[in-house]
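Spelled out, the chains give:
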Amino acid sequence: MGFLNAIRHFIVFFNYFCMAFTLLLNLIYIVQLFVSFFRVNRNYNKTFSDDYLSYEDSENLLPISLIIPAFNEQEHIVQNVRSLMKLNYPHFEIIVVNDGSTDKTGDKVIEAFHMHKIETSIRYQIPTQKIEAVYYSKTYPNLLYVQKANGGKSDALNAGINISKYPLFTCLDADSRIEKDALLRLSMEFIKDSRTVVAGGIVRIANGSKIVDGELKGFTMPKKLIERFQIVEYYRSFLMGRVFWAASNSLLIVSGAFGLFRKQTVIEVGGYKKNTIGEDMEIVVRIHHYMRKHCRKYKVKFNEFSVCWTQGPMSLNDIRSQRRRWQIGLMDTLISHASMTFNPRYGFVGLVSMPYNWIFELFGALVETIGYFLIPFTLIMGELNMFFFVIYFLLSVSLGVILSEGSLVLEQYTHRAAMTAKQSIAISVYAILENFGYRQIITIFRVEGILKYRKLRKTWGKIKRKEFEQ
């Protein structure tokens, strides 16, 4: 009986722990939301007064290399390159790195842009798989196509860095689109503060949007619920979380779909890490690690007005694959840089940002998932007070709704006129509904990523996406 009583008391304790944990996390999110409101409002006024467009022909802007790692991207690659060529930026080059594709990715690029093989010397500042050929086009002189042996996305990015000739580079997914002025806005972070080594832009879900030559021409509500929920989720993730962490120079991730880097800094830290599926987070954390270890002043910025559009998964199985991969990438990065955690040498990054990601972003998914099953079970067994449970449930859901709705308000503030009033109301409804099922399913997928870390830590998986509306 003593053992059974001990088990019963532990279960009851764990229930209260889960409740306290969930409420604490939501309160942290509320703080992030208020800080983000303040920062976005301040940045909006500064951006408006700066008139960034006056710099579009300036010779002071740093030229940029746009690196597109591509593996079996024959459906999207040509359309993406054509879109990038129309960016509003004075000096840039586009480097398409074909990482051993088995489809017609290379043929599509060569044919569409009239490219010819050239002889060129390559300085391997970062070791990569063999570069087999480089192609150039007289018609499109700022475009290079690189054919290399398969080595993964990180290896393709490192190859692009080796070939690039400009001091800044950005990594762009082959199935994403960046807005026409996004590079101009993001590069200003390097002009305004010479300590800037990384600047991230915001990623928005393109499902339902019509984007032509880097400009949003219209928005219609996606047909599938899962796509609508992702729109709200991305608002919350980028506009609340990343704005908050960037405010303290402790942002640990810049999306692999759109981030601008100082090339020399990335070369100094050894380039992108291979054999990981979370290379976008790992490179930013490694830069933090390197710069603080060597006592160098630096900034990792986030610009909520620099927009990249990406196609979100359209099926539950695809979103499961994506979220498992994200959680595995998070876990892999945290383990690789565990020495930074609670280490005062790394300042706010080591004392707050790293522990937060361990406790709430990684293990928080486990606690939350266990609570989904254990709390109702304890309630049925009569070990939990019904009144207390109802109050907890209502408070937790209310906080979740406040966060989702607050993020939607932030989104409308940064991207005004993107939606009609009717569409905004509809999205607001989904910001409420996502708290009843969708967020719980996503959490379970994250736990699956933790449990299958060893098995899937080197597996990317393939997500089916549709072409952008033109």
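Residues numbered from 1 in each chain as written. Predicted model: local features only at pLDDT ≥ 70, side-chain atom pairs only at ≥ 80, totals over all residues. Heavy atoms only, no water.

Student: Is there a simple way to think about the overall build of the protein chain in this case?
Tutor: Within the protein chain, the secondary structure is distributed over 14 helices and twelve strands. Taken along its principal axes, the extent of the C-alpha atoms in the protein chain is 80 × 50 × 45 Å. Residue burial in the protein chain is summarised as follows: out of 470 residues, 57% are buried. Of all intrachain contacts in the protein chain linking residues separated by at least 6 positions in sequence, the fraction that spans at least 24 positions is 81%. A total accessible area of about 20,800 Å² is found for the protein chain, and carbon and sulfur atoms account for 60% of it. Positive and negative side-chain charges of the protein chain, numbering 57 and 41 respectively, have mean locations separated by a distance of 4 Å. (Helix = DSSP H or I, 4+ residues; strand = E, 2+ residues; numbered from the N terminus. Buried < 20%, exposed > 50% of the residue type's maximum accessible area, 1.4 Å probe, protein only. Contact = heavy atoms within 4.5 Å. Areas by Shrake-Rupley, 256 points an atom, 1.4 Å probe, with all protein chains shown as cover. Lys, Arg positive; Asp, Glu negative; His and termini not counted. Charge placed at Lys NZ, Arg CZ, Asp CG, Glu CD.)

Student: Whenever I open this one, the confidence of the model for the protein chain confuses me. Can you help?
Tutor: Low-pLDDT stretches of the model should not have their predicted coordinates read in fine detail. Per-residue confidence for the protein chain gives a mean pLDDT of 86; residues scoring 70 or more make up 92%. The least confident element of the protein chain, judged by mean pLDDT, is strand β10 (residues 215–219) at 75; the most confident is helix α7 (residues 263–268) at 97. (pLDDT = per-residue confidence, 0-100.)

Student: Help me understand the side chain of N435 in this model?
Tutor: Summarising the element assignment, N435 is placed in the loop between α12 (421–433) and α13 (438–451). On the basis of relative accessibility, which here comes to 8%, the residue N435 falls in the buried class. Side-chain polar atoms of N435 contact the side chain of R439, separated by 2.9 Å. (Polar contact = N/O pair within 3.5 Å; in protein donor to acceptor, adjacent residues only side chain to side chain.)

Student: Looking at this structure, I do not really get the sheet that holds strand β11 (residues 258–262). What am I missing?
Tutor: Backbone-to-backbone hydrogen bonds join strands into a sheet, with any given pair of strands oriented parallel or antiparallel. Taken together, ten strands build an open sheet; the order of strands is β3-β4-β5-β2-β1-β6-β11-β8-β12-β7 and the sheet is mixed. Only two strands of the sheet have a single neighbouring strand rather than two, namely β3 (116–118) and β7 (176–178). This sheet shows a mean twist of 30° between the axes of neighbouring strands, independent of strand direction. For strand β1 (residues 64–70) and strand β2 (residues 92–99), the ladder comprises seven bridges, and the chain directions are parallel. Bridge assignment links I64 to a residue of β2, and that residue is F92. The strands touched by helix α2 (residues 77–84) within the sheet are β1, β2, β5 (143–148), β6 (168–172) and β7, with β1 carrying the most contacts at an inclination of about 170°. (Pairing = 2+ DSSP bridges. Axes fitted to C-alpha atoms, helices over the stretch in contact; angles between N-to-C directions.)

Student: Would you mind showing me how to read unusual backbone geometry here?
Tutor: The bulk of non-glycine residues show a negative phi, and the bulk of peptide bonds are trans. Its identity as a non-glycine residue notwithstanding, C295 has a phi of 55°, on the positive side. You can see C295 is positioned in the loop between α8 (279–293) and β12 (299–310). A positive phi is found at F342, a non-glycine position, where the angle reads about 60°. As for its placement among the helices and strands, F342 is situated in the loop between α9 (316–336) and α10 (347–380). Of the residues examined, F342 reaches a relative accessible area of 55% and is grouped as exposed.

Student: Before we go on, may I ask you to explain the pattern of salt bridges in this structure?
Tutor: If the charged atoms of two oppositely charged side chains come close together, the side chains can form a pair. Counted by the stated rule, this structure contains 14 salt bridges. Where D99 meets K148, a salt bridge forms, and the shortest distance between an N and an O atom there is 2.6 Å. Of this pair, D99 sits in strand β2 while K148 sits in strand β5, and the two are 49 residues apart along the sequence. For D99, a relative accessible area of 4% puts it in the buried group. (Salt bridge = Lys/Arg side-chain N within 4 Å of Asp/Glu carboxyl O.)

Student: What is the right way to look at the pairing of β11 in this model?
Tutor: Looking along a regular strand, one sees the side chains alternate between the two faces of the sheet. When you tally the buried positions in β11, you get four out of five residues, the bulk of the element. Across five bridges, β6 lies against β11 in antiparallel orientation. When the bridges of β11 are listed, T170 appears paired with L260. As judged from the three bridges shared by strand β8 (residues 196–205) and β11, these two strands associate in the antiparallel manner. Directly across from G200, in β11, lies its bridge partner G259.

Student: What exactly am I supposed to notice about the side chain of R323 here?
Tutor: Along the chain, the position of R323 falls in helix α9. Side chain to side chain, R323 and E233 meet in a polar contact 2.5 Å long. Aside from chain neighbours lying at most four places away, what touches R323 is Q230, E233, Y234, Y438, I442 and F445.

Student: Is there a simple way to think about the packing of helix α6 (residues 225–247) against α12 in this case?
Tutor: A packed helix pair is summarised by two numbers, namely the angle formed by the two axes and the spacing between the axes. It is the contact of α6 with α12, at a shortest axis distance of 9 Å, that shows an interaxial angle of 85°. Taken together, α6 and α12 sit at an angle that is classed as roughly perpendicular. Residue-level contacts link L225, R228, F229, I231, V232 and Y235 of α6 to I427, Y430, A431 and L433 of α12. Looking at the contact of α6 with α12 residue by residue, the classes come out as nine nonpolar, no polar and one charged. (Parallel < 35°, antiparallel > 145°, perpendicular 65-115°, else oblique. Nonpolar A, V, L, I, M, F, W, Y, C, P; charged D, E, K, R; others polar.)

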